[in-house]
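Now for the letters of each chain:
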Amino acid sequence: MYRLILILILIVGNGSEWMRISATVKSFSTADGMSHDRIVGLCQDDRGVVWICTWYGIDRYDGYGFKSFHPQGKQDTYSRFKKAFFRNDSIFVSTVNGRNLVFSLASLTYGTYDGPLPDKNQRCSVNLIDSDGNEWDATYEGVTLTKRLSDNYHLLTNPAYPFVRALYEDSQGRLWVAWCGNQDAGMSDGEVIVYDSNGHPTGLKFEGKVVYSINEDKDHNVWLGTRQNGLSILRPSGENEFTVYDYYHDDNPNSLSCNRIFDILQDSYGRIWIATLGGGVNLVEKGYDVADLSFSVPEEYPLATNPRVRSIEECEGLLLIATDNGLIKTKLKSMGDNHRWIFQSVTMEVDADGPAEELIHIIKTERGKILISSFGRGIWEYQIDKSAFRHVAADDIAYKQPVFSALPQGRDSLWVVSRSNLLLYDKSGKNFITPVNHAYTMLETKPLKDSSGRNWFATNDGLLCIENPLETSRIDEGRSPAVIFTELVHDQTESSRSLSYTDSIVTIIPSQRNSTLLFSSLDYGNSDRIRYYWRIAEKDTTWRETSHGHSLSLGEIPPGKWTMEIRSTDASGQLLDNSGRLHLDFEAYWYERQAVRVAIYALIGLFVLFVLWLLIKYRRLQTIYSKLLDSQPVAVVSAAMTEIKDTEELTDADREFIDTINMKLESGLSDTDFSIDDLVGSLGMSRSVFYRKLKSIVGQSPSEYINQYRLQRAAAMLRADDSKAISTVAYECGFSSPQYFSNLFRKRYQMTPNEWRKNGR
C-alpha cells in the first residue's frame, strides 16, 4: 500500500463550458437528390409539402428524400428557371429565354403558360419558415434546414476531456464530474471538476487519473475510485482545500484487492464497501482513519465466481452486489469482531424470467424500489420480498433493447439510457417519448438527479442536463402533421409513379403487384424519429407498425379494392390521429377472377362426382359378381357377364368363349401346374389376344380370373363336405400350398377357410 499526501487548492480557468443547444441544421444538395444546387425559390403548399425550385426543376421534399420534376426539352443555360411564383396549388416559373411554365401540384405535370405571372407578393423567396417554424435557407451549394429547439436542456462540455465517467452531488449541493478522454484512442488520463449548484465551475479540480466512481462519507471525505489507479481519498483541510490519500493494490495483505474501482458505498453502519472489477468487494470497517486504511475481501464472499463487481447498493437492510455473474445479496447488521457474512446468489435466468447475468447498475428509487440494468435485457425491478424479478415494461418491445442504466422521473416515469437513445418511459401509459431533439451517443455512466430536480446524463459529447423533461417532451404538442402518399415503386420493373393529393384511386395491374408504397408525415424537423402504422380499412381493426419506416410492401395484399390507411407518431412517440387514406384497386390475374374461379371449382366438382359414380358402379358390379360366384361356383361367370356388360347383352360368341374357359379350368382344376400358357395353348390364341378378350368381357386379368374360379370352387367344397381337410381342398382346387390358398381365401372372403366352413353350417 502506497500513500501520497497532497494539498488540493483552488484552480482558476478549468476549460469547461456550458453550451445551450438551440438548433439542429441539415444541409441538402445534388448529392442528396436535388435537381440542382442553385435555388430559385422555396414554398410550402396547404398540405405542408415543401417545394424547392432550382435552376432546372422543381423538387418535392417529404422529410426523407427528394423527388425531382423536370420540364420536357433540352436543359441548358437558356432554359433554366429564373423566377418562381406560388398560387392556388400551382408553381409558375419563368425561364431565361422568356418562356413561362406552370407546374400543377395536383397532376405533377408542366404546361405552357401564356398569361401574366402572379404578382411579386406571390413570388417564392429563397428563405422560408414552414408551418413548424423550421427555417429553410438557399445557399450556393443547395439548401439548409434549421430546426429551433427547446431551451430546457443544455450540454456541459470539456474540450480537453469530452467523456464523463462518474457523477456525484455532495452534501453542499456541488456537482462532481469525472472527465476523461477517449481511451480507445490512447488517452489514459482525466480530471475531476467540481461545479456549484447552478452548474458553474467552482475552480476545484483533481487531475491525473480516470475516475469511475465518487462518493462522500459521513465525515465529508470524498472517495474517488479510478479505472486502474486504485483509490484516492480527499479529506477537507480548509476552504476549497483537501488532503489527498492514495491507496493501491500491492503485496500487503491489507491493501486493495484490485486497482479497478467501479463503485463505492458507505452503509448505514458506517462501513465502506468498494466494488472492484477483478477483486470482488473490498470492505473497510467502521471507525476507520482515511490516513491509514486497511482493506479486506470478506472470507465468505464468492470471489472465485464473482470477481467483477460493477455496482453496490443498500436497501431494506440488505447489501446488493451487481456482478458479471449475477446478483449477490447479504444482510447488513452491526457485528462484532468475529462476525460472519452470508453471501447469497440470486437466481437470474437469461430467459423471460429475469435479466441477463452481466449486470451494470443497481438503481434505488425515491420510493425504495430497486432497478437493475443488464447488458442486452433492459431494466428490471428486483422485488426483495419475493426475491424475484419483474420487467418494468414487459409489454413494450421497444424497451427490450440493450440499455445501460435508468433514472426515475417522478412516480410514473423512468429514464432509459441505451447506446443510441435517451428515452423517457411513461409507466402509466406504457409508452416512450423522446425528450431530446438531438442524437447523442450515450455512455454507461450512472445518471444523476440532483437536489434541484435536474437530470444529468453522460454522452460522448459532454454532460447533458435536462431541467424540465415533461415540458421539453411536448415541444410539438397539439400539432398533427398530415400523412401524405408520395410514390409507388414497382419492385420488378424498378420503375415508380409519383402520387399527388388528387390520386383518390390508384390502380395496380397484376404485373405490378410487388410494389412498395412510400409516404411521409411531413414533420421535417423530426422525420428520423417518427414511426408509422398501417391497416386496411375493410379488413383490419388494429394498427400494425411498418417494418421499414416510411414504406410498406404491397406484395401480400390480395386482389380487390382496398382502402389503405397510414398514421404516424410524433417526435415523442405519441400516436397521432392523422391518418392518410389511399384507395388501391388491385387487378387480378385471369386465374384469380371470380368467374374463372367458379368455373374451375365447378369442373373440379363435376370430376369428383364422376369419380364417385365410377367407384359406386364398380362396387355394385363387384358385389353382384361375387354373389353369383358364391351361389353357382361353376356356372357363375357366364351368368354374371350380363351384369358386367350392364346395358349390353353378351354375344353368343362371348358366352361360348367363357364356357370353353370354364370347362378347361374345371378339367385341370386339381392340376397345380396348370398355367395361363396351358389355357391359352388349348384355345389356340396368342397370349395378348386372350388377355384383351377376357379383360373386355369379365373385367379381370387371366390370373385374377383363374384364382377367382378356383376360390369359388374351394368355397363350395368347404361347405359341401365338412370332413374334407382344408389342405385337401386346396390341392384339389389347384393351389400349390395350403398357406397360399388360405392367404388368397382370406383376402377374397375376409375370413379364413375354417371360419367360412363354420359360418355355412
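Residues numbered from 1 in each chain as written. Predicted model: local features only at pLDDT ≥ 70, side-chain atom pairs only at ≥ 80, totals over all residues. Heavy atoms only, no water.

K.L.:
Which residues make up the overall build of the protein, and what values go with them?
P.N.:
A count of helices and strands for the protein gives ten helices and 50 strands. Out of the 761 residues in the protein, the part that is buried amounts to 50%. Carbon and sulfur atoms make up 48% of the accessible area of the protein, which amounts to about 36400 Å² in all. (Helix = DSSP H or I, 4+ residues; strand = E, 2+ residues; numbered from the N terminus. Buried < 20%, exposed > 50% of the residue type's maximum accessible area, 1.4 Å probe, protein only. Areas by Shrake-Rupley, 256 points an atom, 1.4 Å probe, with all protein chains shown as cover.)

K.L.:
Quick one: what's the story with the packing of helix H4 (residues 652-667) against helix H6 (residues 687-698), residue by residue and with numbers?
P.N.:
Between H4 and H6, the shortest axis-to-axis distance is 11 Å and the interhelical angle comes to 110 degrees. For the element pair H4 / H6, the angle class is roughly perpendicular. For the pair formed by H4 and H6, the contact residues are Asp-654, Phe-657, Ile-658 and Ile-661 on the first element and Phe-690, Lys-693, Leu-694, Ile-697 and Val-698 on the second. Split by residue class, the contact of H4 with H6 holds seven nonpolar, no polar and two charged. (Axes fitted to C-alpha atoms, helices over the stretch in contact; angles between N-to-C directions. Parallel < 35°, antiparallel > 145°, perpendicular 65-115°, else oblique. Contact = heavy atoms within 4.5 Å. Nonpolar A, V, L, I, M, F, W, Y, C, P; charged D, E, K, R; others polar.)

K.L.:
How would you sum up the pairing of strand S45 (residues 515-520)? Please name residues and give values.
P.N.:
When you tally the buried positions in S45, you get six out of six residues, the bulk of the element. Side chains Ser-515, Leu-517 and Phe-519 of S45 all project onto a buried face; the interleaved residues Thr-516, Leu-518 and Ser-520 project onto the opposite face, where all are buried too. Of the pairings in the sheet, the one linking strand S42 (residues 484-490) to S45 comprises six bridges and is antiparallel in character. Within the sheet, the bridge partner assigned to Val-489 lies in S45 and is Thr-516. Bridging between S45 and strand S48 (residues 551-553) involves three bridges; their strand directions are antiparallel. Bridge pairing links Leu-518 to Ser-551 in S48. (Pairing = 2+ DSSP bridges.)

K.L.:
Describe the pairing of S42, naming the residues involved and giving the relevant values.
P.N.:
Burial within S42 is extensive, with six of its seven residues counted as buried. Bridge count for S42 against strand S43 (residues 495-498) is four bridges, and the pairing is antiparallel. From the neighbouring strand, Glu-487 faces S43, where its bridge partner is Ser-498.

K.L.:
If you had to explain unusual backbone geometry to someone new, which residues and values would you point to?
P.N.:
The residue Leu-108 is not glycine, and still its phi comes out positive at about 60 degrees. Tracing the backbone shows Leu-108 in the loop between strand S10 (100-104) and strand S11 (109-112). Classification of Leu-108 as buried rests on a relative accessible area of 11%.

K.L.:
Please provide a residue-by-residue account of the pattern of salt bridges, values included.
P.N.:
Two side chains that carry opposite charge are able to pair once their charged atoms sit near each other. In this structure the tally under the stated criterion is 21 salt bridges. A salt bridge links Glu-545 to Arg-531, with the shortest nitrogen-to-oxygen separation between them at 3.4 Å. Separated by 14 residues along the polypeptide, Glu-545 in strand S47 (residues 544-545) and Arg-531 in the loop between S45 and strand S46 (532-536) bring together distant segments of the chain. Owing to a relative accessible area of 41%, Glu-545 belongs among the partly exposed residues under this scheme. Classification of Arg-531 as partly exposed rests on a relative accessible area of 33%. Counted as one network, the salt bridges with shared partners bring together Arg-308, Arg-310, Asp-324 and Glu-444. (Salt bridge = Lys/Arg side-chain N within 4 Å of Asp/Glu carboxyl O.)

K.L.:
Quick rundown of the sheet that holds S46? Include the residues and the values.
P.N.:
Taken together, five strands build an open sheet; the order of strands is S44-S50-S49-S46-S47 and the sheet is mixed. At either margin of the open sheet sits one strand with a lone partner, and together these are strand S44 (505-508) and S47. Where strand S49 (residues 560-568) meets strand S50 (residues 580-586), seven bridges bridge the pair, whose relative direction is antiparallel. Across the sheet, Thr-563 pairs through a bridge with His-583, a residue of S50.

K.L.:
Quick one: what's the story with the sheet that holds strand S17 (residues 175-180), residue by residue and with numbers?
P.N.:
Pairing in this open sheet of four strands is antiparallel, and the strands run S16-S17-S18-S19 from one edge to the other. At either end of the open sheet lies a strand with only one pairing partner, and these are strand S16 (163-169) and strand S19 (201-207). Each strand axis lies, on average, 20 degrees off the axis of its neighbour in the sheet, ignoring direction. Where strand S18 (residues 190-195) and S19 come together, four bridges link them in antiparallel fashion. Paired with Tyr-195 across the strands is Pro-201, a residue of S19.

K.L.:
Pulling in residues and values, what's your account of the side chain of Arg-748?
P.N.:
Secondary-structure assignment places Arg-748 in helix H9 (residues 738-749). Among the polar contacts made by the side chain of Arg-748, one reaches the side chain of Gln-708 at a distance of 3.2 Å. (Polar contact = N/O pair within 3.5 Å; in protein donor to acceptor, adjacent residues only side chain to side chain.)

K.L.:
Pulling in residues and values, what's your account of the packing of aromatic side chains?
P.N.:
Throughout the structure, instances matching the rule amount to 33 aromatic pairs. When the centroid spacing of 6.5 Å and the interplanar angle of 90 degrees are considered together, the rings of Trp-55 and Tyr-56 count as edge-to-face. With a relative accessible area of 17%, Tyr-56 lands in the buried category. Through a chain of ring-to-ring contacts, the aromatic side chains of Phe-735, Tyr-740, Phe-741, Phe-745, Tyr-749 and Trp-756 assemble into a single cluster. Geometry around Phe-657 places Lys-693 over its ring, the cationic atom sitting 4.6 Å from the centre. (Phe/Tyr/Trp six-rings, centres within 6.5 Å; stacked < 30°, edge-to-face > 60°. Lys NZ or Arg CZ within 6 Å of the ring centre and 35° of its normal.)

K.L.:
Give me the confidence of the model for the protein: which residues, what numbers.
P.N.:
Of all residues in the protein, 84% have pLDDT values of 70 or greater, and the mean over the chain is 82. Here residues 1-14 is modelled with pLDDT under 50, and outside its nearest four sequence neighbours on either side it reaches 50 contacts, counting other chains as well. Long-range and interchain partners of residues 394-400, a stretch whose pLDDT sits below 50, account for 16 contacts in this model, where long-range means more than four residues apart. (pLDDT = per-residue confidence, 0-100.)

K.L.:
Any chance you could break down H6 for me, citing the residues and the numbers?
P.N.:
Taking 1.5 Å per residue, twelve residues should reach 16 Å; H6 reaches 16 Å between its end C-alpha atoms and fits that length. Inspection of H6 places Phe-690, Leu-694, Ile-697 and Val-698 among the buried residues, and these make up the whole buried set. Taken down its axis, H6 places every buried residue within 75 degrees of arc, on the same side. Of the exposed residues in H6, those oriented more than 90 degrees away from the buried face are Arg-692 and Ser-696. Note on H6: the residue one or two positions beyond its end, Gly-699, has a positive phi of about 75 degrees. (Expected span 1.5 Å × (residues − 1). Arc of directions from axis to C-beta.)

K.L.:
Quick rundown of the packing of H4 against helix H7 (residues 702-720)? Include the residues and the values.
P.N.:
In contact at an axis separation of 11 Å, H4 and H7 are set at 60 degrees when each is read in the N-to-C sense. By the angle between their axes, H4 is oblique relative to H7. Every pair of crossing elements has a handedness; the one defined by H4 and H7 is right-handed. Across from Ile-658, Ile-661, Asn-662, Leu-665 and Glu-666 in H4, the residues of H7 making contact are Tyr-705, Ile-706, Tyr-709 and Arg-713. Looking at the contact of H4 with H7 residue by residue, the classes come out as six nonpolar, one polar and two charged. (Left-handed = near helix turned anticlockwise from the far one by under 90°.)

K.L.:
Residues and numbers for the environment of Arg-748, please.
P.N.:
Exposure remark for Arg-748: the relative accessible area of 19% places this residue in the buried category. Measuring from C-alpha to C-alpha, the distance between Arg-748 and Asn-707 comes to 10.0 Å, with 41 residues separating the pair along the chain.

K.L.:
Which residues make up the state of the cysteines, and what are the values?
P.N.:
Using the criterion set out here, one finds zero disulfides in the structure. Left unpaired, Cys-43 is separated from the closest cysteine sulfur, that of Cys-124, by 4.1 Å. (Disulfide = S-S within 2.5 Å.)

K.L.:
Quick one: what's the story with the environment of Gly-98, residue by residue and with numbers?
P.N.:
Mapped onto the elements, Gly-98 comes out in the loop between strand S9 (90-95) and S10. In this structure Gly-98 comes out as exposed when scored by relative accessible area, which is 58%.

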